[in-house]
Every structure is written in structure tokens, then in C-alpha cells.
Amino acid sequence: MSIVSTPFTYIEGELFCEGVPLSRIAREFGTPCYVYSYTRIVENYRRFKGAFAARPHLIAYAVKANSNGTILRILAREGSGADVVSGGELVRARAAGIPPEKIVFAGVGKRSDEIEQALREGILLLNVESIAEMETVGRIASRASLHARIAIRVNPEVIIHTHPYITTGSTGDKFGLPVSRAIDAYRRARENRSIEAVGVHMHIGSQITDLSSYSKALEILHDLARTISDEGTTISYLDLGGGLGISYSGEPVPGPGELSAAVLPLLEGFKGKIILEPGRSIVGDAGVLLTTALYSKPSSPRSFLIVDAGMNDFIRPALYGAQHRVLPVIDREGPEKIVDVVGPVCESSDILAHHCALPKIEAGEFLAVRDVGAYGFSMSSRYNSRPRLAEVLVRGEDVFLIRERENLEDLTLRERIPKFLS
Ligand code: LLP
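Residues numbered from 1 in each chain as written. Predicted model: local features only at pLDDT ≥ 70, side-chain atom pairs only at ≥ 80, totals over all residues. Heavy atoms only, no water.

**Notes on the overall build of the chain**
(1) Moving on: On a plain count of helices and strands, the chain comes out with 12 helices and 21 strands.
(2) Moving on: Compactness check: the chain gives a C-alpha radius of gyration of 23 Å against a globular reference of 22 Å for 422 residues, within 12% of the reference.
(3) Moving on: Summarising its shape, the C-alpha atoms of the chain cover approximately 70 × 65 × 40 Å along the three principal directions.
(4) Moving on: For the chain, the share of sequence-separated contacts (at least 6 apart) that also reach a separation of at least 24 residues comes to 70%.
(5) Moving on: On the chain, roughly 18300 Å² of surface is accessible, and the fraction owed to carbon and sulfur atoms is 52%.
(6) Moving on: Distance between charge centroids for the chain: 4 Å, based on 48 positive and 51 negative side chains. (Helix = DSSP H or I, 4+ residues; strand = E, 2+ residues; numbered from the N terminus. Rg over C-alpha atoms; globule rule 2.2 N^0.38 Å. Contact = heavy atoms within 4.5 Å. Areas by Shrake-Rupley, 256 points an atom, 1.4 Å probe, with all protein chains shown as cover. Lys, Arg positive; Asp, Glu negative; His and termini not counted. Charge placed at Lys NZ, Arg CZ, Asp CG, Glu CD.)

**A look at the environment of P56**
(1) Moving on: Counting through the fold element by element, P56 comes out in the loop between α2 (38-51) and β5 (57-62).
(2) Moving on: Between the C-alpha atom of P56 and that of G272, which follows or precedes it by 216 residues, the distance is 7.4 Å.
(3) Moving on: Apart from residues no more than four positions distant in its own chain, P56 is found in contact with G272, K273 and I274.

**Thoughts on the packing of aromatic side chains**
(1) Moving on: A complete count under the given rule lists 3 aromatic pairs for this structure.
(2) Moving on: Geometrically, the ring pair formed by Y34 and F377 is edge-to-face, given 6.2 Å between the ring centres and 80° between the ring planes. Separated by 343 residues along the polypeptide, Y34 in strand β4 (residues 33-37) and F377 in the loop between β19 (366-370) and β20 (390-395) bring together distant segments of the chain.
(3) Moving on: A relative accessible area of 0% places Y34 in the buried class.
(4) Moving on: On the accessibility criterion, F377 (11% relative accessible area) is buried.
(5) Moving on: Each ring, one from F48 and one from F52, has its centre 6.1 Å from the other, and the planes form 10°; the classification is stacked. In this pair, the class of F48 matches that of F52, namely buried.
(6) Moving on: A connected cluster of aromatic rings, assembled from ring pairs, spans Y34, Y36 and F377.
(7) Moving on: Note that R395 overlies the ring of Y38, its terminal NZ or CZ placed 4.7 Å from the centroid. (Phe/Tyr/Trp six-rings, centres within 6.5 Å; stacked < 30°, edge-to-face > 60°. Buried < 20%, exposed > 50% of the residue type's maximum accessible area, 1.4 Å probe, protein only. Lys NZ or Arg CZ within 6 Å of the ring centre and 35° of its normal.)

**Quick look at the packing of helix α4 (residues 87-95) against helix α5 (residues 112-121)**
(1) Moving on: Viewed as axis vectors pointing N to C, α4 and α5 meet at an angle of 25°, and their least axial separation amounts to 9 Å. Looking at the two axes, α4 sits roughly parallel to α5. Seen from α4, the contacting residues are G87, L90, V91 and R94; seen from α5, they are E114, Q117, A118 and E121.
(2) Moving on: Taken together, the residues of the contact of α4 with α5 break down into 3 nonpolar, 2 polar and 3 charged. (Axes fitted to C-alpha atoms, helices over the stretch in contact; angles between N-to-C directions. Parallel < 35°, antiparallel > 145°, perpendicular 65-115°, else oblique. Nonpolar A, V, L, I, M, F, W, Y, C, P; charged D, E, K, R; others polar.)

**Here's the deal with the sheet that holds strand β1 (residues 8-11)**
(1) Moving on: Ordered in space as β1-β2-β3, the 3 strands form an open sheet in which the pairing is antiparallel. On the outer flanks of this sheet lie β1 and β3 (20-21), each paired with one strand and no other.
(2) Moving on: Across 4 bridges, the pairing between β1 and strand β2 (residues 14-17) is antiparallel. Bridge assignment links Y10 to a residue of β2, and that residue is L15. (Pairing = 2+ DSSP bridges.)

**Points about the domain arrangement of the chain**
(1) Moving on: You can read the domains of the chain as domain 1 (8-36 + 284-412) and domain 2 (106-278).
(2) Moving on: When each unit is reduced to the centre of its C-alpha atoms, the spacing between domain 1 and domain 2 is 36 Å.
(3) Moving on: At the interface, 9 residues of domain 1 touch 8 residues of domain 2.
(4) Moving on: Counting across the interface, domain 1 meets domain 2 through 0 salt bridges.
(5) Moving on: For the interface between domain 1 and domain 2, the tally reads 2 residue pairs in polar contact (both at pLDDT 80 or more).
(6) Moving on: Along the lines of polarity and charge, the residues of the side of domain 1 that touches domain 2 split into 2 nonpolar, 3 polar and 4 charged. (Domains from an automatic or database assignment. Salt bridge = Lys/Arg side-chain N within 4 Å of Asp/Glu carboxyl O. Polar contact = N/O pair within 3.5 Å; in protein donor to acceptor, adjacent residues only side chain to side chain.)

Written as C-alpha cells, this is what we have:
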């Protein structure tokens, strides 16, 4: 189990990101805004890399966790590949300098244009999720005289202890193919001259802290690999997906070292390359959401602290009941009260943190919601016509605006008014 330090620490009562006080960032760029630590992202990536160094491997960062171009460039410079799930993510990964031979493309609903885009880019693997999709890939490849290297995504149907919305490898999930169907898919792939099935893919879920799910899934994949290799398919890539959890409440959780210790011994007979697709464990603890307190509303049975960040800016608590720690940017002694930290959006589920112990917070004070680097900005929206927020990167004592706050004109930029109304 590893407890890792955080780049967000109090120095003389004031919360810093690396060498920069968060209050300075809040004043300079306004709130709400996301703040990321460069150093933590790089450390997290290197920890993963180091854990798997004993075997040929590729870390394909899951772009969906945080797709900001600067973050992708940081990871590209470290040598990371990318796991993408749309043509948009593929374009972002390529623009950040991630070479096609380090890109894998998953997703149950790839459109034909996205498949063609991926084939033309010459990415490493299309991770195919159904037989119908595989046939479409074959047709597109043959029509465009392109070669399609694929992995079949297998649903090992294991029980995963995480939020039901983020399991992807259990019975009834829409992802991948159960083992028997996967064997059939490899047979069909061998008959299709435009397709070369070179890999097996799994991604069993997200925020996984019980590593036995990986071991169980791998044993199932092992048997599958043996069956298909006896039938003549050589597996050069074993893609284990992402899913490693992080510590949202400070409790120790397994890190990449424990993951590699759990899975590598099971892969001793495998000669090919291992692919990993971490997202959350690379960027999750590297980000906070800075917000300003607007109003306190003591009431019974709940007291509210209303802040200027809402569920449109950060949806994890509303969508999954996720618990994130909230810290005052200026620390102080004094009695704490239990409050629900809520946003301005017109929904009762617009909650940033349930049942949060905080000292008395005055209007205008800054707060930081922790561990929001993954699935924070990337899941934000403009609901309630709230422009998307800014993103800031800290590296040592330097601060960089890496995404400007949207303005009110951005809200209607792409709308068109029909003639009869203008
Ligand atoms: N690979 C594939 C094919 C995936 O679908 C995902 C995440 C990953 C890798 C990266 O998983 P990670 O290492 O980040 O757990 N929005 C949810 C998480 C959804 C994850 C979707 N797939 C949340 O905020 O918890």
C-alpha cells in the first residue's frame, strides 16, 4: 500500500501548489479554476513506468481523464503513449506529439470516419469491442487498402468492487466481448485479410483498489490467449487497460508498484509487450478545483456553504456520489462545523462535498477541492449557461494559464438563429 505525499501543502497556514500560494492563483485567474501540479503528473507517470520497467511495456495514458493539450505534451515528452476513445482524442494526442505507434483506440461505438482516421494515422491498435465493429474495420481497411492491427476487447466478467457506473468488465456491462464470443472473433479475424488480430485488451473498471480483480481477469485472459494461440493467432500485445484507484480520503491504496507485483508474475510465459492505460492514477491527485465561498446558509437538518463552482464544473460528486476533500486555502484554528458544500446550479444534486468538516468560512474566502485532476475538467459542461472554467499549471514557482476561462460570447458562438426569428 502506498501513501504518497501531495504537492498541495500548507506553508505557514497557507495552501500552496508546489511553490505557489493558491490564493495568488485565485486572485490572478479568478475562480472557479482547476490548478495542476506539473511535478506530480511527471512523478506519477515515472512511478508507473518504473513499476513495469522489468518487462517490455507501453504506458498509454487515458486521454479522457484530462485531455488538456499541455498535460498531453508533458506526458508525450516523458515518452507516454495514449489511449483514446474518439476521433477528437486522437487528434489531441497527435497534436501533442504522441506518435501513432504509441496510440490505442477503444470504445464501443467508433464511427466509420473515426475508424478510417485511426487506420490512416497508422495507430498501434484498434481495440475492437464487437464482431460487428470488427467487420466494419475490415471493410474500411480493405476499401482504403489499409492494414488494420486490432486487439479484441474481452469482458472477463469478474466482480469489481467500485461504483457500478464505472465497472466495465462485469457480466452485463456493454464493453468488450465475453470469452466465448472473443474466441469466435479471433477465428473470424484470421479469415479476414484486411485484419491482423495481434492483441488482447481488457479494461475492467475504474477506481479499483482491490487488485485481486486484475489477477482474476488476467487468469481468464491467459486461458483465452492459450486457446487462440493453439488455433494460430499470435498475441504480441496484452493490454491490461487502466483502472488503478487513488486515495480520495487519505487512506492507503495500492499503487503502480503493487499492481505490477500482482500482475507481472501471472505473465511470465507471455513474450510480447504489455500495455497499460492509466488515467486517474497519473493526473487525479495532481489537480485541485479552486472555488470562492459565496454564502453560508445554516439550516436544519443540513447547513450549506454555497460556492462559485458547480456540478457543471465538476460532476463526480453529483454523478457518482464521489467524496472529495475540501480545504480552506487559508488554514486556521477554531471549531469545525459540518456543512454540505454546494454550487450555484439549479439542481439538488449540485453538491461538491457532502458532510464536510470545515472551520467557519467567510464569504469571499477561497477553498480547494482535492484530487480533481482526473475526470474534472474533461467532464465539465456549460449547464446553466456557465462558461467553462480556466485551467492553470504550476511548475515550481512558475504559473501558466493552460486554458483560458470561456466568456459569455462563447456560450452562443455556434448557435444559429433561423431567418424567421431574426
Ligand atoms: N482505458 C479504457 C478503455 C477506459 O475506458 C478507461 C476509463 C481507462 C483506460 C482509464 O481508466 P482510469 O485509469 O482512469 O481508471 N468518469 C469516471 C471514470 C470513468 C472511466 C472510464 N474509462 C470517474 O470520474 O470516476
